[in-house]
Amino acid sequence: MAANVSAGNIHAFYLAGQVYRGQDSWSSGLTFRANPFKHLSWSSGVSKIIKPERCGCYSRGGVYAIKESSKTCTSIRTSIRAASTKYYDFTVIGSGVAGLRYALEVAKQGTVAVITKDEPHESNTNYAQGGVSAVLCPLDSVESHMQDTMVAGAHLCDEETVRVVCTEGPERIRELIAMGASFDHGEDGNLHLAREGGHSHRRIVHAADMTGREIERALLEAVLNDPNISVFKHHFAIDLLTSQDGLNTVCHGVDTLNIKTDEVVRFISKVTLLASGGAGHIYPSTTNPLVATEDGMAMAHRAQAVISNMEFVQFHPTALADEGLPIKPQTARENAFLITEAVRGDGGILYNLGMERFMPAYDERAELAPRDVVARSIDDQLKQRNEKYVLLDISHKLRDKILAHFPNIASECLKHGLDITRQPIPVVPAAHYMCGGVRAGLQGETNVLGLFVAGEVACTGLHGANRLASNSLLEALVFARRAVQPSTELMKRTRLDLSASEKWTRPVVATARSLGDEVISKILALTREVRRELQAVMWKYVGIVRSTTRLNTAERKIAELEAKWETFLFE
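Residues numbered from 1 in each chain as written. Predicted model: local features only at pLDDT ≥ 70, side-chain atom pairs only at ≥ 80, totals over all residues. Heavy atoms only, no water.

Student: Please explain the packing of aromatic side chains as it appears in this structure.
Tutor: Aromatic ring pairs are described here by two measures, namely the spacing of the ring centres and the angle between the planes. Inspection of every chain in the model, using the stated rule, returns 8 aromatic pairs. Seen from their ring centres, Y88 and F267 are 6.5 Å apart, and the 35° between their planes marks the pair as tilted. You can see Y88 sitting in strand β7 (residues 85-93) and its partner F267 sitting in strand β15 (residues 263-274), a full 179 residues away along the chain. The exposure classification of Y88 matches that of F267, with both residues buried. Ring centres of F358 and Y362 lie 6.3 Å apart, and the angle between their planes is 90°; this geometry places the pair in the edge-to-face category. Owing to a relative accessible area of 3%, F358 belongs among the buried residues under this scheme. Assessed through its relative accessible area of 30%, Y362 is described here as partly exposed. Among the aromatic residues, ring-to-ring pairing joins Y88, F232 and F267 into one connected group. The positively charged end of R467 is found above the aromatic ring belonging to Y433, 4.3 Å away from the centroid. (Phe/Tyr/Trp six-rings, centres within 6.5 Å; stacked < 30°, edge-to-face > 60°. Helix = DSSP H or I, 4+ residues; strand = E, 2+ residues; numbered from the N terminus. Buried < 20%, exposed > 50% of the residue type's maximum accessible area, 1.4 Å probe, protein only. Lys NZ or Arg CZ within 6 Å of the ring centre and 35° of its normal.)

In structure tokens form, the structure reads like this:
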């Protein structure tokens, strides 16, 4: 018997900007005699929803039809039968480099929906400063790039994955250039390759200190011009739609909330790519934009996907320390401003507030040590000296070169009265990148049939315990491309039943009209309170340096927070 399950027997409703999921038994140990919401429907019809087979297909009067022939299935068009349900060959959750690159390739074979919770450009990709690492210099080698990656990852990387990524990286860069991405070139006309911490060679392709923005621009422009791709902005993914077929969990799409209209929109598709990014905002200080709240990993977990290596959180050693600026920002930043690794790669030196250079005492590679080493060293200095930040100085370099290589950083600092060509930059570590995530194979496949992952949400084994600088965009490009062939093959041998949409209970949208302004206000206030408390616990007990005692304390405090939140919602 097959069961239709909405993301691991969890259903959701939306409360004034928050999605709530009810279930019979909570992980915190709170058990309720009855679920206050309608139970999910059960059916033996999973094979009728998505069934791999060889068929021909065509559209007749808005209804999807199956030909009796041996030809492979081509593609489907969006159904207009119900405004709240949409049908596509491929659904992509996330609009960063991984999601957009994948969408452009699979759009050659079928229809694609790209779902993003904010504006399409608002992703971690857009905030990436340094660049993309790839072996493009004759003096460099794949073996050298592999070794640097393995060392940075504390030799906990998957060697086969590392080889694949380092080998295929150069071709992925050439594809970006062919699509219109513009990178910096040297006086000789060749790509200007920078060096960053942990790298033994110059291999960082960049666009000044705004590389991610340039890549996002080029990809998004191509996506918006592709007639087979529809972009749904301001659609917040709630839960993956799954069913159980024997021992296999199958993904059929996703429920989303249009946060502009409060409408629940269901996307049914043959293949789903999860490219929803990272988890930076589980910490109070992060370089990630507000959209990085771990939704994709949580959805995948509820859908029975394997999650790996979540303990490996990377803290970037050099985020701008606002309290060290001559002119303080008038309002608190939503996310910390990143000072790229490339500043240290170009010769930047770290000092404590006593103007003592400290990195050589911690590591022979000094400022060019991998990020985790530098972040722990800074953390140790701050604790030893009871200081709030350290200083990163690049002012000994030529002014013109500083401004040419780091125009964005120079501009941001100058807004606050600091000239980086003359003064050191106040910096402090901040949460930056999740090395763990949804476990993926070499083609982005997961243990959930029909679900692929790419980008920061995925755990491919490339990064091990710590990501090498500028390997994140590289990994996203490589795995987005590798997921295309198996996704396309699955799409072509899968048929879609339009009646499948109602097999899952739809999330309920609760508004001020149905609950009352007072209830909504209380929910929003507690949401903010619990989020702040969670972030504080994570920063204090699950930060740069950890211990068993502190992790046990964090587990207890988070369980208390969870119980507080769930009890309030049920009441």
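There's more to say after this.
Student: What am I meant to see in the environment of P407 here?
Tutor: By the element assignment, P407 lies in helix α12 (residues 407-415). By relative accessible area, P407 is classed as partly exposed at 29%. For the pair P407 and M210, spaced 197 residues apart in sequence, the C-alpha separation works out to 8.7 Å. Every residue in contact with P407, bar those within four places of it in the chain, is listed here: A208, D209, M210 and I402. (Contact = heavy atoms within 4.5 Å.)

Student: Looking at this model, I keep getting lost on the sheet that holds strand β23 (residues 458-459). Mind explaining?
Tutor: The 3 strands lie next to each other as β16-β21-β23, forming an open sheet whose pairing is mixed. Each having just a single partner strand, β16 (307-308) and β23 make up the two edges of the open sheet. Pairing of strand β21 (residues 437-439) with β23 involves 2 bridges; the strand directions are parallel. Its bridge partner lying in β23, V438 is registered against A458. (Pairing = 2+ DSSP bridges.)

Student: When you look at helix α5 (residues 159-178) in this model, what are you seeing that I'm missing?
Tutor: Residues three or four positions apart in an α-helix share a direction because the helix packs 3.6 residues into each turn. With 20 residues, α5 should cover 28 Å at 1.5 Å per step; its first-to-last C-alpha distance of 30 Å lies within 8% of that length. Of all the bends in α5, the greatest, near 40°, is centred on G169, and the proline P170 appears no more than four residues after it. Among the residues of α5, T161, V162, V164, V165, C166, G169, P170, R172, I173, E175 and L176 are the ones counted as buried. Turning to α5, the residues buried within the fold contact α2 (97-106), β9 (132-133), α4 (142-152), β11 (204-205), α6 (211-224) and α13 (472-482). G180, located one to two residues past α5, shows a positive phi value of around 110°. (Expected span 1.5 Å × (residues − 1). Bend = angle between axes of the 7 residues up to and from the residue.)

Student: For this particular structure, what's the right way to read the layout of surface pockets?
Tutor: The volume enclosed by the second largest pocket comes to roughly 860 Å³. What lines the second largest pocket is a set of 29 residues, and nearest its centre among them are S285, K388, V428, P429 and W539. Secondary-structure elements contributing two or more residues to the lining of the second largest pocket are β17 (313-320), α10 (371-385), β20 (425-434) and α16 (517-541). (1 Å grid on protein atoms, 1.4 Å probe; cavity = no way out; pocket = protein on both sides within 12 Å on 5 of 7 lines; lining within 4 Å. Points joined across faces, edges and corners; volume = space filled by probe spheres on them.)

Student: What is the right way to look at the environment of R101 in this model?
Tutor: Residue placement: R101 occurs in helix α2. Remark: the alpha-carbon pair of R101 and V484, spanning 383 residues in sequence, is separated by 9.7 Å. Beyond its immediate sequence surroundings of up to four residues, R101 is in contact with E175, M179, L219, L477, A480 and R481.

Student: Please explain the packing of α2 against helix α14 (residues 484-492) as it appears in this structure.
Tutor: Packed helix pairs are characterised by how far apart their axes lie and by the angle those axes make with each other. In the contact formed by α2 and α14, the axes pass within 10 Å of each other and the chain directions differ by 50°. Classified by the angle between their axes, α2 and α14 sit oblique to one another. For the element pair α2 and α14, the recorded crossing hand is right-handed. When α2 is examined against α14, the residues Y102, E105 and V106 are found in contact with a partner set consisting of V484, S487 and T488. Across the contact of α2 with α14, the residue classes tally to 3 nonpolar, 2 polar and 1 charged. (Axes fitted to C-alpha atoms, helices over the stretch in contact; angles between N-to-C directions. Parallel < 35°, antiparallel > 145°, perpendicular 65-115°, else oblique. Left-handed = near helix turned anticlockwise from the far one by under 90°. Nonpolar A, V, L, I, M, F, W, Y, C, P; charged D, E, K, R; others polar.)

Student: Quick question: what am I supposed to make of the state of the cysteines here?
Tutor: By definition, a disulfide links the sulfur atoms of two cysteine residues through a covalent bond. Under the defined criterion, the tally for this structure stands at 0 disulfides. Left unpaired, C166 is separated from the closest cysteine sulfur, that of C157, by 9.4 Å. (Disulfide = S-S within 2.5 Å.)

Student: In this structure, what is going on with the sheet that holds strand β18 (residues 349-351)? I would like to understand it.
Tutor: One key point about sheets: their strands pair by backbone hydrogen bonds, in either a parallel or an antiparallel sense. Spatially, β17-β20-β19-β18 is the arrangement adopted by the 4 strands of the open sheet, whose pairing is antiparallel. Two strands in the sheet have a free side with no partner beyond their single neighbour: β17 and β18. Across the sheet, the mean angle from the axis of one strand to that of its neighbour is 45°, orientation sign disregarded. Strand direction decides the pairing type here: strand β19 (residues 390-393) and β20, joined by 3 bridges, are antiparallel. Bridge assignment links V390 to a residue of β20, and that residue is V427.

Student: What exactly am I supposed to notice about α10 here?
Tutor: In this model α10 runs 21 Å from its N-terminal to its C-terminal C-alpha over 15 residues, within 8% of the 21 Å that 1.5 Å per residue would give. Those residues of α10 not exposed but buried are R371, V373, V374, A375, S377, I378, D379, Q381 and L382. On its buried side, α10 packs onto β17, α8 (341-345), β18, α9 (359-362), β19 and β20. Two residues or fewer after α10 comes N386, characterised by a positive phi angle close to 55°.

Student: Teacher, can you tell me more about unusual backbone geometry here?
Tutor: Across residues other than glycine, the phi torsion is negative in most instances, and most of the peptide bonds are trans. One non-glycine residue, A208, lies in the positive phi region at around 50°. One non-glycine residue, N386, lies in the positive phi region at around 55°. In this structure, N386 sits in the loop between α10 and β19.

Student: Got a minute to help me understand the pattern of salt bridges in this structure?
Tutor: Note that side chains of opposite charge can pair when their charged atoms are close. Scanning the model with the defined rule gives 36 salt bridges in all. We note a salt bridge from R333 to E412, for which the minimum N-O separation is 3.0 Å. Here the residue R333 occupies a position in the loop between β17 and α8, and E412 occupies one in helix α12, the gap between them amounting to 79 residues. R333 sits in the partly exposed class, given a relative accessible area of 26%. On the accessibility criterion, E412 (11% relative accessible area) is buried. A salt bridge links E502 to R506, with the nearest nitrogen and oxygen atoms 2.9 Å apart. (Salt bridge = Lys/Arg side-chain N within 4 Å of Asp/Glu carboxyl O.)

Student: I would appreciate a short explanation of the pairing of β20 in the present structure.
Tutor: Looking along a regular strand, one sees side chains alternate from face to face of the sheet. By the criterion of burial, β20 is predominantly enclosed, with 9 of the 10 residues buried. Judged from the 6 bridges that link them, β17 and β20 form a sheet pairing that is antiparallel. Looking at the pairing, A319 lines up with V428 of β20.

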